[in-house]
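Geometric and topological summary
Residues per chain are reported as follows:
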Amino acid sequence: MYKIGRRLTVSEYQRLGREGAFPDDARLELVDGEVREMSPIGVSHAWIVDQLSHALFTQLPNHHVRAQNPIDLDKYNEPQPDLVVARKTPAFKLRHPLPPDVLLVIEVSDSSLRQDRRGKIPRYARSGIPEAWIVDVGRERIHAFSEPAGITYQRETTFNRGEVIHSAAIPSLRLPVEAAFD
């Protein structure tokens, strides 16, 4: 973790990045104004992100699919979800997606399931992102969250192998759980 001494805004964090304040190879995100190091990407994690990226690009040609890139949730939060499906807009040439742009956020959890459930999912709900998924690598299942209200989602559904996820936010998206793992 990088200690700056005070809470940073997203614009300050981005400026520090442009000025070279962080190592080029560091995997960082801004959470509640604090610069946090992200875990290294393991083989299973990378495979699942690749598999889901392919499936999303194939099924959603009229959407913007981003892999491991930032979204700006609010003044103090710029997380880097594993995958984001957003409305297509040329504005992304000039800025990262904002909550109204984002339809679905996906986190792949091989070692961070508890952290994602308790930290990231509530932030996404608070920001009004309509749907979030956590891919539970160890148990080969996907937890889908929808209907944000405050710092929680009103609905959570767990999908196992042999089942198909029907996205609540993107009606055309139907994804067999196996698509993430095989």
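Refer to the structure printed above.
This write-up is about the structure you can find in this document. What you are looking at is a predicted structure, and each value in this text was computed from that prediction instead of being measured. (Residues numbered from 1 in each chain as written. Predicted model: local features only at pLDDT ≥ 70, side-chain atom pairs only at ≥ 80, totals over all residues. Heavy atoms only, no water.)

Looking at the packing of aromatic side chains
Tallied over the entire structure, the rule returns 2 aromatic pairs. Here Tyr 13 and Phe 22 contribute two aromatic rings whose centre-to-centre distance is 5.7 Å and whose plane-to-plane angle is 45°, an arrangement assigned as tilted. When the centroid spacing of 6.1 Å and the interplanar angle of 45° are considered together, the rings of Phe 145 and Tyr 153 count as tilted. Each member of the pair, Phe 145 as well as Tyr 153, carries the same accessibility label: buried. (Phe/Tyr/Trp six-rings, centres within 6.5 Å; stacked < 30°, edge-to-face > 60°. Buried < 20%, exposed > 50% of the residue type's maximum accessible area, 1.4 Å probe, protein only.)

Here's the deal with the nonpolar core
Ranked by size, the top nonpolar core spans 26 residues in total, and within it Ile 48, Leu 52, Leu 56, Ile 106, Trp 133 and Val 135 carry the most contacts. Of all the secondary structure elements, the ones that give two or more residues to this core are helix H2 (43-59), strand E4 (83-87), strand E5 (102-109), strand E6 (131-136), strand E7 (141-149) and helix H4 (178-181). No other element matches the 5 residues that H2 contributes to this core. (Core = buried A, V, L, I, M, F, W, Y, C linked by side-chain atoms within 4.5 Å. Helix = DSSP H or I, 4+ residues; strand = E, 2+ residues; numbered from the N terminus.)

A closer look at helix H3 (residues 113-126)
Taking 1.5 Å per residue, 14 residues should reach 20 Å; H3 reaches 19 Å between its end C-alpha atoms and fits that length. Buried residues of H3: Asp 116, Gly 119, Lys 120, Ile 121, Pro 122, Arg 123, Tyr 124 and Ala 125, and no others. Where H3 is buried, its residues touch strand E1 (28-31), E5, E6, E7 and strand E8 (152-160). Phi for Gly 128, located one or two positions after H3, is positive at around 85°. (Expected span 1.5 Å × (residues − 1). Contact = heavy atoms within 4.5 Å.)

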